[in-house]
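# Examination of the molecular architecture
Residues per chain are reported as follows:
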Amino acid sequence: MKQLPILITALGLLAGSFSGKAQNPGSAKVSGTVSSTQKPIEAATVSLLRAKDSSIVKFAVTGKTGAFEIEGKEGTYLISIQAIGFSKYFSDRFQLASGATISFSSIELVATNKQLEGVTVASKKPLFEQKIDKMVVNVDASPTNVGSSALEVLEKSPGISVDKDGNISLKGKEGVMVLIDGRPTQLGGADLANMLRSMNANQLEQIEIMTNPPAKYDAAGNAGIINIKTKKNKQFGYNGSITLGYGQGRYPKFNESLNFNYRQGKINVFTNLSHNYRKGFGELDIQRNFLNNTSKLVESHFEQQARMTNEGNSYNGKIGLDYFVSKKTTFGAVVSGYTNLFNGSNRNVNNLFNPPGNLVEQTRAISTQDESWKNFSTNVNFRHVFDSTGKELSADVDYMKYDASQHHFLSNSYFTPSGVEKTKADSLYGELPQLIDIYSAKIDYIHPLKKGARFEAGVKTSFVETNNNAKYDTMHNGVLMHDYNRSNFFIYKENINAAYINLSGPLGKKWNGQLGLRVENTIAKGRQVTTSQDFDRNYTQLFPTAFLQYKLNDKNSFGLNYGRRIRRPNYESLNPFIEFLDKYTYQQGNPNLKPQFSHNVELSHTYKGFLTTTLNYTKTTDIISPVIEQITDDTLTFVRQQNIASQEQFGIAISAGMPITKWWTSNLYVNAFYNKFHGVLNTDYVSVDAKTIMFNGSQQFKTSKNGTLEISGWYRTGGLEGVIRAKSVGMIALGYTQQIMKGKGTLRFNLRDVLFTQQFRASSKYGSVDAAFQERRDSRVFNIGFTYRFSKGKLKAQQSKRNSGASEEAGRVGGGN
């Protein structure tokens, strides 16, 4: 019943989002155009306000020509207009008569370009922005993001879900490519999750969610791409911010960060430094039935309780330089890195029962982990604009290095049902180092054509080498011996060469189109030095993309897109080394994994710029998913990634963001989808399906001129995560933001997971596997944060952020547990 308040809140968010639209608008109209220096301004927000109290009646968003039109009832009104980079505009009062039309011929906005000595200008962005090709989440717009990690921010973002192991799904589909500032992390699974946990929300500016990226992006990412943009500014003079945060759950957490930018003349320097400390707990309960492979009758029953504590320190740093040789040519360089230090302990009790339910044996396990992940990355980039038409050439060269060390210890003690120790404890010691080197280079060219069309082309190459030498020793009866069965030395090398072309432009007054084709050749070699086993793969694939947009009028537009994508196995998933939870439970890599491929189709409709509805269909083959396997005779359970089946998904998503009143703003995202998996798993044919609904909602209330209260939450009904059937889960958060020190300072408070309902529950039943899981962690946390902003200089429009060349490769590395 704990999930009931979350569902009620989610439905309340839904009702609130549409309550302001239930009025009969009447037939009177207000129209006009918005421009600056005689150039139209697109995507400006025009609000129709009641004259007596300035409450919002309706709003519209300007189109490409800067035009807008709002319908209203008879009365006295004024309009306000907001656009990023411009001062807010207010009209004089006017009377709107029934059936009349009032036209504002041309409204000129004034660009914000003033000295900032001692003054901080902070424009308020909406939490969610729906663009033509992506959804944008503005991280600082939500008070409940303070003190959160990057992974927790993703978890509450539209359409994104994170499972108990930190695997990220988008619209119910696994295989998401995660980029940091356009560069792939090269991490996957638990490693990617732990890197994102080490990043604090105060480092982030935006999250871009692309379900069907165009051909210029790497084809990797079955479900699409998530690009996390960190903070960076190109304002003349200097500017920056200092943030301090503290959180308290069962255990404390705290963070500090510094952002600094300086631009003078042709030089722009930027840096970001941060530290994050987190201590937490985890509670995992597992119930397993070991079945006879032939009769499927229960031969033994296993109940496991794991109680874990963990502690981590992460240090992140980035420094970059842009040199503007001329107005047309820019050179840049970025150096970044992080160190994640982690230690954890686990006390595990395993009770083994016979079929009648009598306790046969108890195993008590103690395990410890000491891990360290170090990363060094560098990027050198070049951009040249040939002329005023937009002809452009850009290039990136990247190098990344990951150096990980993991020290594991596991001790097992065995007891009779009466609690008497049966034998001496045995121990297992593990040293699991991992080295990853990534080299990447790419060139992109843009050539404008006649009548607004554009041609793009590019090439890319990347080289990756991973080196994993897992060493295990066992202590039995006081004797330490090298464990050759568990030890393994694995080397993997990969070269991907790619090229793409893309053509886009108008097809008429109301039609726009885009066609792209990407070709990728993959050469991969794996070698298990311990067993002298090798594998070689060489394959070339085509990845077409197509986009079509139709603008019916200023209120309605439609879009249709198609893309074929690939998900290659994470490097850690290919490594066959074994990682233990206890003697009876472990996970193992699979060097025989193949890539999975998907076809994605989406149809979308946008109404008045605030309401977007999307229908999607996805067909995926050779799905890569964790599979539970059991060995009944030895009561062993292990998890291994496999190409398990094919999947079909049908889905619908609705996104709405709008002001309800002058003081109340609502954002809502609802996604319903149907997943069906079918294929052969462990020699058994498996067919499972499920319907799932996801809610993400945020309601913001302006309590004063400088204060904002937020209620947000997410809820996911039961559904499938591969062949694991997860139960419903959700979370509610409260937050408050207060501007202080004349806008230079911001205080933020929040309470995450108010009802402590963010608990994972699931089961898996197929073939001879019959297991159930329950897990919870330190998710209910109170956070307080303070940010101080400083600046001296002049506002300047930012150059668009660039994507470096190593995006896909960085998304497949693993990163600390």
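Everything quoted here is computed from the prediction, not taken from an experiment.

With 43 residues, the main nonpolar core has Leu 154, Ile 168, Leu 196, Ile 207, Ile 226 and Ile 228 as its most contacted residues. Among the elements that take part in this core, helix H2 (residues 150–155) stands out by supplying four residues, more than any other.

On to the side chain of Ser 241, then. Examined against the element boundaries, Ser 241 turns out to sit in strand E19 (residues 236–248). The exposure class of Ser 241 is buried, given its relative accessible area of 10%. The residues touching Ser 241, leaving out its near neighbours within four places in the chain, are Ser 257, Leu 258, Asn 259, Thr 787, Tyr 788, Arg 789 and Phe 790.

Here we take up the pairing of strand E39 (residues 636–643). Sheet topology note: the strand E35 (residues 585–588)/E39 ladder contains four bridges and is parallel. Residue pairing across strands places Thr 585 opposite Thr 637, the latter belonging to E39. Here strand E38 (residues 624–631) pairs with E39 via eight bridges, running antiparallel. Considered in E39, the bridge of Ile 631 is made with Leu 636. Here E38 folds back onto E39 in antiparallel fashion, the turn holding four residues, of which Thr 635 has a positive phi close to 45°.

Volume-wise, the second largest pocket comes out at about 320 Å³. Together, 19 residues line the second largest pocket, and Gln 528, Gln 533, Pro 576, Gln 588 and Pro 591 are the ones closest to its centre. The element contributing the most residues to the lining of the second largest pocket is strand E32 (residues 533–551), with three residues. In the lining of the second largest pocket, the residues fall into five nonpolar, 11 polar and three charged.

For the rest of this paragraph, the subject is the environment of Ile 438. Tracing the backbone shows Ile 438 in strand E27 (residues 434–448). According to the relative accessible area criterion, Ile 438 is buried, its value standing at 1%. It is 7.2 Å that separates the C-alpha atoms of Ile 438 and Ser 462, two residues lying 24 residues apart in sequence.

In this model, Lys 451 sits at a positive phi of 60°, which is unusual for a non-glycine residue. Tracing the backbone through its elements, the reader meets Lys 451 in the loop between E27 and strand E28 (454–476). Take Lys 451: its relative accessible area is 80%, and that puts it in the exposed class. In this model, Asp 753 sits at a positive phi of 50°, which is unusual for a non-glycine residue. Here Asp 753 lies in the loop between strand E47 (745–752) and strand E48 (760–766).

Criteria and thresholds
Residues numbered from 1 in each chain as written. Predicted model: local features only at pLDDT ≥ 70, side-chain atom pairs only at ≥ 80, totals over all residues. Heavy atoms only, no water. Core = buried A, V, L, I, M, F, W, Y, C linked by side-chain atoms within 4.5 Å. Buried < 20%, exposed > 50% of the residue type's maximum accessible area, 1.4 Å probe, protein only. Helix = DSSP H or I, 4+ residues; strand = E, 2+ residues; numbered from the N terminus. Contact = heavy atoms within 4.5 Å. Pairing = 2+ DSSP bridges. 1 Å grid on protein atoms, 1.4 Å probe; cavity = no way out; pocket = protein on both sides within 12 Å on 5 of 7 lines; lining within 4 Å. Points joined across faces, edges and corners; volume = space filled by probe spheres on them. Nonpolar A, V, L, I, M, F, W, Y, C, P; charged D, E, K, R; others polar.

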